[in-house]
Amino acid sequence: MVRFLIKRLSLLIPTLLGVVTLVFFMIALSPGDPARVMLGERANKQQLETLRAELGLDQPLGTQYGLYLKRMVRFDFGKSIKTGRPVMEEISNLYPATIELAFFAMIFAATIGIIIGVLSATRKNTWIDFTSMVGALFGVSMPVFWLALVLIMIFSVGLDLLPTGSRMNVRYYFESITNFYVIDAIILLIREGDPKYLSSAVKHLILPSVALGTIPLAIIARVTRSSMLEVLTQDYIKTARSAGIKESRVVYRYALKNALLPVITIIGLQFGLLLSGAILTETIFAWPGLGKWLYHAIEARDYPAVQGGVIIISTTFVLINLVVDILYTLVNPKIRLQ
Amino acid sequence: MTEELKNNNEILLSIRGLEVNFHTYRGIIQAVRSVSFDIKKGETLALVGESGCGKSVTAHAINQLIPMPPGKIDKGEIFFEGKDLLKLSEKEIRAYRGDKISMIFQEPMTSLNPVFKIGKQIADVFMTHHKISKKEAWDRAVRLLELVKIPSPASRANSYPHQLSGGMRQRAMIAMALASPEPGLMIADEPTTALDVTIQAQILRLLAELKAEIEMSVLLITHDMGVVAETADRVVVMYAGRKVEEAEVHDLFEHPGHPYTLGLLNSLPSNEKYKGQTRLEAITGQVPDLLTIGLWCPFENRCKYAKDICRKEFPEKTEVEPGHSIWCHQVGKLD
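Keep in mind that this is a model prediction, so the values were computed, not measured. (Residues numbered from 1 in each chain as written. Chains lettered and ligands numbered in written order. Predicted model: local features only at pLDDT ≥ 70, side-chain atom pairs only at ≥ 80, totals over all residues. Heavy atoms only, no water.)

## Points about the sheet that holds strand β1 (residues 11–24) of chain B
Residues and elements named next belong to chain B.
1) Next: Within the open sheet, the 4 strands sit side by side as β2-β1-β4-β5. Their pairing is antiparallel. At either end of the open sheet lies a strand with only one pairing partner, and these are β2 (27–40) and β5 (83–84).
2) Next: The pairing of β1 with β2 spans 10 bridges and is antiparallel. Bridging across to β2, isoleucine 11 finds its partner in lysine 40.
3) Next: Packed on one face of the sheet, helix α2 (residues 55–62) meets β1, β2 and β4 (71–80) and runs near 115 degrees to β1. (Pairing = 2+ DSSP bridges. Helix = DSSP H or I, 4+ residues; strand = E, 2+ residues; numbered from the N terminus. Contact = heavy atoms within 4.5 Å. Axes fitted to C-alpha atoms, helices over the stretch in contact; angles between N-to-C directions.)

## Thoughts on the interface of chain B and chain A
1) Next: Contacts between chain B and chain A engage 27 residues on the former and 22 residues on the latter.
2) Next: Between chain B and chain A the total buried area reaches about 2200 Å² when both faces are included, carbon and sulfur atoms providing 60% of it.
3) Next: On the chain B side of the interface with chain A, the three residues burying the most area are Arg94, Val115 and Phe116 of chain B, jointly 24% of the side's total.
4) Next: In this structure, the connection of chain B to chain A is made through 1 salt bridge.
5) Next: The partner of arginine 249 of chain A in a salt bridge is aspartate 124 of chain B, with the nearest N and O atoms 3.0 Å apart.
6) Next: Joining chain B to chain A, the criterion identifies 9 residue pairs in polar contact (both at pLDDT 80 or more).
7) Next: Counting residues per element, the ones that place at least two in the side of chain B that touches chain A are β6 (101–104), α4 (118–129) and α7 (166–177) of chain B.
8) Next: In terms of residues, the side of chain B that touches chain A owes the most to one element, α4 of chain B, which gives 5 residues.
9) Next: Among the residues forming the side of chain B that touches chain A, the class breakdown is 12 nonpolar, 10 polar and 5 charged. (Buried area = accessible area lost by both parts, 1.4 Å probe. Salt bridge = Lys/Arg side-chain N within 4 Å of Asp/Glu carboxyl O. Polar contact = N/O pair within 3.5 Å; in protein donor to acceptor, adjacent residues only side chain to side chain. Nonpolar A, V, L, I, M, F, W, Y, C, P; charged D, E, K, R; others polar.)

## A word on the confidence of the model for chain A
1) Next: Looking at chain A, the pLDDT average stands at 82 and 98% of residues meet or exceed 70.
2) Next: The least confident element of chain A, judged by mean pLDDT, is helix α16 (residues 333–336) of chain A at 72; the most confident is helix α6 (residues 87–122) of chain A at 88. (pLDDT = per-residue confidence, 0-100.)

## Some details on the sheet that holds β6 of chain B
Residues and elements named next belong to chain B.
1) Next: With respect to topology, 8 strands assemble into an open sheet ordered β6-β7-β8-β3-β9-β10-β12-β11, the strand pairing being mixed. Of all strands in the sheet, those bounded by a partner on one side alone are β6 and β11 (318–321). Sheet twist, expressed as the average angle between the axes of neighbouring strands with direction ignored, equals 20 degrees.
2) Next: Inspection of the sheet shows strand β9 (residues 234–239) paired to strand β10 (residues 242–248) by 6 bridges, in the antiparallel sense. Across the sheet, valine 235 pairs through a bridge with alanine 247, a residue of β10.

## Considering unusual backbone geometry
Residues and elements named next belong to chain B.
1) Next: In this structure, serine 34 is a non-glycine residue whose phi angle is positive, near 30 degrees.
2) Next: Within the secondary structure, serine 34 is located in strand β2.
3) Next: Non-glycine residue serine 152 carries a positive phi angle of around 35 degrees.
4) Next: Note on placement: serine 152 falls in the loop between α5 (134–147) and α6 (153–156).
5) Next: Accessibility expressed as a relative area gives 47% for serine 152, which makes it partly exposed. (Buried < 20%, exposed > 50% of the residue type's maximum accessible area, 1.4 Å probe, protein only.)

## Section: the environment of isoleucine 245 of chain A
1) Next: Within the fold, isoleucine 245 of chain A resides in the loop between α11 (235–242) and α12 (247–276).
2) Next: Accessibility expressed as a relative area gives 2% for isoleucine 245 of chain A, which makes it buried.
3) Next: For isoleucine 245 of chain A, the contacting residues outside a window of four places in its chain are Ala240, Val250 and Tyr254 of chain A together with Arg94, Asp124, Val125 and Thr128 of chain B.

## Things to note about the packing of aromatic side chains
1) Next: On inspection of all chains with the given rule, the structure shows 11 aromatic pairs over all chains.
2) Next: Look at phenylalanine 24 of chain A and phenylalanine 25 of chain A: their rings are 5.0 Å apart centre to centre, the planes differ by 85 degrees, and that puts the pair in the edge-to-face class.
3) Next: For phenylalanine 25 of chain A, a relative accessible area of 32% gives the class partly exposed.
4) Next: Pairing tyrosine 239 of chain B with phenylalanine 299 of chain B gives two aromatic rings, centres 5.0 Å apart and planes at 80 degrees, and the pair type is edge-to-face. On the criterion of sequence distance, the pair formed by tyrosine 239 of chain B in strand β9 and phenylalanine 299 of chain B in the loop between α11 (259–266) and β11 is long-range, its members being 60 residues apart. Side by side, tyrosine 239 of chain B and phenylalanine 299 of chain B carry an identical accessibility label, which is buried. (Phe/Tyr/Trp six-rings, centres within 6.5 Å; stacked < 30°, edge-to-face > 60°.)

## Considering α5 of chain B
All names here are of chain B.
1) Next: Spanning 14 residues, α5 covers 20 Å between terminal C-alpha atoms, matching the ideal 20 Å at 1.5 Å per step.
2) Next: Considered for burial, the residues of α5 that qualify are Ala137, Ala141, Val142, Leu144 and Leu145. Within α5, the buried residues cover an arc of 160 degrees as seen down the axis, which keeps them to one side. Exposed residues lying more than 90 degrees from the buried face of α5 are Lys135 and Glu146. (Expected span 1.5 Å × (residues − 1). Arc of directions from axis to C-beta.)

## Observations regarding α4 of chain B
1) Next: Compared with an ideal rise of 1.5 Å per residue, which puts 12 residues at 16 Å, α4 of chain B spans 18 Å between its outermost C-alpha atoms and is within 8% of the ideal.
2) Next: Taken together, the buried positions of α4 of chain B are Ile118, Gly119, Gln121, Ile122, Ala123, Asp124, Val125, Phe126 and His129 of chain B.
3) Next: On its buried face, α4 of chain B is in contact with α12 of chain A together with α3 (90–96), α5, α6 and α7 of chain B.

## Looking at the pairing of β11 of chain B
Residue and element names in this part refer to chain B.
1) Next: Here 3 bridges tie β11 to strand β12 (residues 324–326), and the two strands are oriented antiparallel to one another. Residue pairing across strands places glutamate 319 opposite serine 325, the latter belonging to β12.
2) Next: Turn length for the β11-β12 hairpin, with the two strands adjacent in sequence and antiparallel, is 2 residues, and the turn residue glycine 323 shows positive phi of about 80 degrees.

## Here we look at the pattern of salt bridges
Residues and elements named next belong to chain B.
1) Next: Under the counting rule described, the total for this entry stands at 21 salt bridges over all chains.
2) Next: Among the salt bridges present, the one from glutamate 209 reaches lysine 149, with a minimum N-O distance of 2.8 Å. Remark: lysine 149 occurs in the loop between α5 and α6 and glutamate 209 occurs in helix α8 (residues 197–213); sequence separation between them is 60 residues.
3) Next: Glutamate 209 gets classed as partly exposed once you look at its relative accessible area, which sits at 33%.
4) Next: Taking relative accessible area as the criterion, lysine 149 reaches 46% and is therefore assigned partly exposed.
5) Next: The salt bridge partner of aspartate 233 is lysine 211, with a shortest N-O separation of 3.8 Å.

## Observations concerning the nonpolar core
1) Next: Ile62, Ile122, Ile174, Leu185 and Leu219 of chain B are the most contacted members of the largest nonpolar core, which has 170 residues in total.
2) Next: Looking at which element gives the most residues to this core, the answer is α6 of chain A, with 14 residues.
3) Next: When residues of this core are sorted by domain, at least three fall in each of domain 1 (2–73) and domain 2 (95–337) of chain A.
4) Next: Filtering out sequence-adjacent residues up to four positions away, isoleucine 174 of chain B remains in contact with Ile104, Val148, Met186, Ile203, Leu206, Leu207 and Leu210 of chain B.
5) Next: In terms of nonpolar packing, the next biggest core, distinct from the first, is built from 9 residues, Met142, Ala148, Leu162 and Phe285 of chain A among them. (Core = buried A, V, L, I, M, F, W, Y, C linked by side-chain atoms within 4.5 Å. Domains from an automatic or database assignment.)

## As for the domain arrangement of chain A
Accessible area lost upon the coming together of the parts is a frequently used measure of interface size.
Residues and elements named next belong to chain A.
1) Next: When cut into domains, chain A gives domain 1 (2–73) and domain 2 (95–337).
2) Next: When domain 1 packs against domain 2, the two sides together hide about 1500 Å² of surface, and 79% of this comes from carbon and sulfur.
3) Next: Looking only at domain 1, the three residues that lose the most surface to domain 2 are Phe4, Arg8 and Ile27, adding up to 33% of its buried area.
4) Next: Summed over the shared surface of domain 1 and domain 2, the number is 1 salt bridge.
5) Next: Aspartate 325 is paired through a salt bridge with arginine 8; the nearest N and O atoms lie 2.5 Å apart.
6) Next: Counting across the domain 1 and domain 2 interface gives 1 residue pair in polar contact (both at pLDDT 80 or more).
7) Next: Every element with two or more residues in the side of domain 1 that touches domain 2 is listed here: α1 (2–10), α2 (12–29), α3 (34–39) and α5 (61–73).
8) Next: The greatest single-element share of the side of domain 1 that touches domain 2, amounting to 8 residues, is contributed by α2.
9) Next: When its residues are assigned to classes, the side of domain 1 that touches domain 2 shows 15 nonpolar, 3 polar and 1 charged.

Dropping the structure here:
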């Protein structure tokens with residue numbers, strides 16, 4: 001197990017180097033002159049050249065790449081052209097919001113999705129199966145922005161149960177420590193004994209998590225169902241039944257653990273997608289996350305910001321894959337021992 | 001009948017007039033038709049026949065592991081220690097499974113759960129049927145692995161199925177089937193088919209040794225007459241869902257009474273008549289379609305003794321000698 005981890009971790013370095021290199025060349029090859037963008041149309045030649053020299057853009061590409069790698073090792077993404085603040089600072093303010101949202105969306109999607117998948121597999125061709133699979137089809141095909149708006153209409157405007165957007169009740173005096181509001185709120189609950197922050201943070205998370213998690217939920221439900229159906233026909237399930245083991249235990253322990261392998265893959269991939277693809281949800285729920293910020297950065301040709309954002313998201317993706325691989329070994333002993 | 005069975009202490013399991021049908025979109029498949037036989041305490045009964053003859057379905061009917069639907073036990077009684085298993089609820093029959101009626105399967109490669117340790121899988125069976133601690137169940141599992149002669153059982157219990165060879169896995173399967181204080185009946189569904197010949201012999205020897213140690217009856221399902229000769233006390237031959245012959249193993253090999261049994265024995269490569277010959281004799285023709293099969297003798301289309309009456313009705317039981325019965329219109333010497 002330790003050897004597996006060391007091997008897997010050492011593979012991270014070339015992967016990340018590849019990501020960083022790809023991002024560099026994609027931006028270096030993309031049309032448009034950053035200096036021109038920063039200074040605007042009226043800048044004269046002299047000003048442009050001064051800025052290029054400042055940014056290192058007058059150097060040969062090889063030298064630029066070397067300098068870039070040096071900065072990347074220190075997580076120095078430079079300053080945002082638009083705001084003038086260090087990119088890393090902006091990301092560390094915004095990314096926790098996105099991670100928090102994606103995390104809760106994924107918890108929602110995985111728990112409900114797996115339960116629905118198992119139920120419809122064990123009750124194949126009954127009304128439970130049909131309803132949940134038609135529901136899953138709806139889930140996959142529903143546009144996120146539309147679902148988000150409908151959720152707001154019903155639960156915020158109509159029933160007045162949940163807030164329409166943002167991360168915390170604005171009337172609370174709330175200073176963030178980690179930028180993960182749920183964690184902050186738990187710290188405050190322990191320190192001050194006041195649960196209002198936690199309840200507000202959770203309430204603000206519900207609707208965006210549901211909106212963001214619906215598509216992954218539907219996908220997870222379908223994958224779980226087909227994987228379960230396959231596993232339930234295996235010989236070892238018959239063995240377990242012939243040994244008198246309770247049907248619920250046969251399903252939830254003997255079968256599900258085998259059926260989870262493809263489901264874990266899907267959960268990992270979907271989680272990565274949510275981190276980068278939450279722009280619509282973040283926009284509608286006024287969620288101050290990375291997706292919206294990155295979208296604006298691309299629009300404004302804010303190269304350092306785009307670079308930093310893309311690298312951070314890809315790094316997370318790589319790390320999630322690492323976690324998926326580790327989870328694999330926990331579920332499947334065959335991989336662990338190879 | 002019930003009273004008689006209750007009083008008969010010799011008999012462990014008694015199947016009476018069992019009929020199993022599969023209700024599919026194409027129609028009703030008559031998998032087992034009015035099959036009856038008994039298994040005595042401590043006896044090994046072999047259920048023989050080719051693929052699809054209903055032998056596995058019959059065996060699975062005992063602990064009701066036939067996939068239902070589409071399968072359905074439409075008629076019959078299965079008495080185990082005087083109780084009709086078919087009248088029990090799912091929960092009651094589950095208490096029998098793995099405790100008094102255990103099963104081992106054909107494919108040791110796929111019959112053990114790949115994600116749990118061997119010891120854990122056996123311990124789980126203990127814990128299903130007895131109120132014992134995890135530690136205790138594990139210890140008993142290790143002792144069982146020792147009983148089935150797995151070397152260094154304590155460390156093997158910590159192995160996963162893919163770390164064991166086919167023979168070892170089958171031993172582990174047998175250990176799992178023994179995970180009860182008094183295995184009454186062990187149903188062995190082609191236990192050696194997937195193993196190579198030397199391992200086959202080892203497993204059969206192991207089963208014979210276990211039977212001498214533990215009081216249990218074995219229902220051996222197989223299509224391999226060699227295995228039958230080596231292990232069984234009595235034999236029931238099935239063909240296309242019907243029981244066609246029942247005899248002590250010695251009688252069956254000496255004087256087969258049914259043309260189908262004769263065909264089976266004639267197709268054994270070890271048969272004396274093949275000395276110096278290179279071709280095997282096969283039974284000509286094909287098994288009838290169970291969807292459209294009639295009420296007459298199912299072997300009629302492949303039988304060289306077939307007469308008009310064979311195409312009209314299924315024969316009554318004929319006792320050719322004490323304890324040896326056939327269901328055939330052609331009674332007498334076969335050549």
